[in-house]
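Examination of the molecular architecture
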Amino acid sequence: QQQVKQSPQSLIVQKGGIPIINCAYENTAFDYFPWYQQFPGKGPALLIAIRPDVSEKKEGRFTISFNKSAKQFSLHIMDSQPGDSATYFCAAASGGYQKVTFGTGTKLQVIP
Amino acid sequence: EAGVAQSPRYKIIEKRQSVAFWCNPISGHATLYWYQQILGQGPKLLIQFQNNGVVDDSQLPKDRFSAERLKGVDSTLKIQPAKLEDSAVYLCASSLSGAGTEAFFGQGTRLTVV
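All of these numbers come straight from a predicted model, not from anything done at the bench.

Conventions used here
Residues numbered from 1 in each chain as written. Chains lettered and ligands numbered in written order. Predicted model: local features only at pLDDT ≥ 70, side-chain atom pairs only at ≥ 80, totals over all residues. Heavy atoms only, no water. Helix = DSSP H or I, 4+ residues; strand = E, 2+ residues; numbered from the N terminus. Contact = heavy atoms within 4.5 Å. Areas by Shrake-Rupley, 256 points an atom, 1.4 Å probe, with all protein chains shown as cover. Lys, Arg positive; Asp, Glu negative; His and termini not counted. Charge placed at Lys NZ, Arg CZ, Asp CG, Glu CD. Pairing = 2+ DSSP bridges. Axes fitted to C-alpha atoms, helices over the stretch in contact; angles between N-to-C directions. Disulfide = S-S within 2.5 Å. Buried < 20%, exposed > 50% of the residue type's maximum accessible area, 1.4 Å probe, protein only. 1 Å grid on protein atoms, 1.4 Å probe; cavity = no way out; pocket = protein on both sides within 12 Å on 5 of 7 lines; lining within 4 Å. Points joined across faces, edges and corners; volume = space filled by probe spheres on them. Polar contact = N/O pair within 3.5 Å; in protein donor to acceptor, adjacent residues only side chain to side chain. Salt bridge = Lys/Arg side-chain N within 4 Å of Asp/Glu carboxyl O. Core = buried A, V, L, I, M, F, W, Y, C linked by side-chain atoms within 4.5 Å.

Within chain A, the secondary structure is distributed over 0 helices and 11 strands. For chain A, the sequential pattern of α-helices and β-strands runs β-β-β-β-β-β-β-β-β-β-β. Considering only C-alpha atoms, chain A reaches an extent of 40 × 30 × 20 Å along its principal axes. For chain A, long-range pairs separated by at least 24 residues make up 52% of all intrachain contacts whose partners lie at least 6 apart in sequence. Summed over all atoms, the accessible surface of chain A reaches about 5400 Å², with 50% contributed by carbon and sulfur. Positive and negative side-chain charges of chain A, numbering 11 and 7 respectively, have mean locations separated by a distance of 5 Å.

Following this line, the structure appears as structure tokens:
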């Protein structure tokens, strides 16, 4: 059962572009929404996270937009750079022990 | 601060053999996770420990997978017997506590079952 749906599966943008990755969830018990960045051969690393009481969060060039009523959230990468080329996973967590469910991932390639 | 250590980095075994993975979490982290990441997919939680107790193992195939966390620190994940579909990267992660704190991942162990 896929509780977090992520799209697109892959994305190619030019340097300076603004890639947008979208996620949707079904479980209204989710109360923590992190985004992870993964480079080949490495484990995922937390990029930015948001809680449902906030509609937007910005950290550097990364912005999460959150729509609680639609049960959707998205990641925007401003002024994307070739070094941002990686796989991005959205995730959602719930419960006292914050069991994390990951999306299927988006492979981003930023072309110089 | 040292990160999450995992070993081995790579392992190739034949189906029906057994294999074990080891994880040393970040010092002081109470929560430890084992994830399975099949190529092209997101990580799937197999088991979550809080100190040395299991808080979630609902997606662990208990007929062949087992895990333990020794004295609330290191952990091992075992597969016996392995199947072809177990080929994946096994990721260990740890966090200070489960509740909304950042999980730090190790580099993973890439398992190939032939």
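Further notes follow.
Two modes of strand pairing occur in sheets, parallel and antiparallel, and in both the strands are linked by backbone hydrogen bonds. All names here are of chain B. What the 4 strands build is an open sheet, ordered β1-β3-β8-β7; its pairing is antiparallel. Two strands in the sheet have a free side with no partner beyond their single neighbour: β1 (5-7) and β7 (65-69). Neighbour-to-neighbour, the strand axes of this sheet turn through a mean angle of 15 degrees, independent of strand direction. Where strand β3 (residues 19-24) meets strand β8 (residues 75-79), 5 bridges bridge the pair, whose relative direction is antiparallel. Bridging across to β8, V19 finds its partner in I79.

Here the focus is the environment of A:K99. Here A:K99 lies in strand β10 (residues 99-102). For the pair formed by A:K99 and A:F30, sequence separation is 69 residues and the distance between their alpha carbons is 9.4 Å. Apart from the residues within four sequence positions on either side, A:K99 is in contact with A:A92, A:A93, A:S94, B:L45, B:Q48, B:D56, B:S58 and B:Q59.

Let us now look at the state of the cysteines. Inspection of every chain in the model, using the stated rule, returns 2 disulfides over all chains. A:C23 shares a disulfide with A:C90; S-S distance 1.9 Å. Disulfide A:C23-A:C90: the torsion about the S-S bond is -95 degrees, which places it as left-handed. Here A:C90 lies in strand β9 (residues 86-94) and A:C23 lies in strand β3 (residues 20-25), a separation of 67 residues in the sequence. Covalently, B:C23 is tied to B:C92 through a disulfide, its sulfur atoms 1.9 Å apart. Taking the sign of the S-S torsion, -70 degrees for the link of B:C23 and B:C92, the bridge is left-handed. Remark: B:C92 occurs in strand β9 (residues 88-95) and B:C23 occurs in strand β3; sequence separation between them is 69 residues. Overall, B:C23 belongs to the buried group, its relative accessible area being 0%.

So, on to the layout of surface pockets. A volume near 660 Å³ is recorded for the largest pocket. When residues of the lining of the largest pocket are traced back to their parent elements, those giving at least two are β9 and β11 (106-111) of chain A together with β11 (109-113) of chain B. Among the elements that line the lining of the largest pocket, the one with the most residues is β11(A), at 4 residues.

Residues and elements named next belong to chain B. Among the secondary structure elements, Q36 is positioned in strand β4 (residues 31-37). Among the polar contacts listed, one links the side chain of Q36 to the side chain of Y90, at a separation of 3.0 Å. The residues touching Q36, leaving out its near neighbours within four places in the chain, are G42, P43, K44, L46, F65, E85, D86, A88, V89 and Y90.

Right, let's talk about the environment of B:L32 for a bit. Residue and element names in this part refer to chain B. Along the polypeptide, L32 turns up in strand β4. It is 6.6 Å that separates the C-alpha atoms of L32 and Q50, two residues lying 18 residues apart in sequence. Aside from chain neighbours lying at most four places away, what touches L32 is C23, P25, I47, Q48, F49, R69, V73, S75, C92, A93 and S94.

According to the stated counting rule, one finds 4 salt bridges over all chains in the structure shown. In this structure, the salt-bridge partner of B:K62 is B:D57, at a minimum N-O distance of 3.7 Å.

The next point concerns the nonpolar core. The nonpolar side chains of soluble globular proteins are, as a tendency, buried together. Within the largest apolar cluster, 24 residues are counted, with the highest numbers of intra-cluster contacts made by A:F33, A:W35, A:F73, A:L75, A:Y88 and A:L108. Elements with a minimum of two residues in this core: β2 (10-14), β3, β4 (33-38), β5 (45-50), β7 (62-67), β8 (72-77), β9 and β11 of chain A. By residue number, the principal contributor to this core is β9(A), which donates 4 residues. Residues B:V4, B:I13, B:L46 and B:C92 belong to the second largest nonpolar core, which totals 21 residues.

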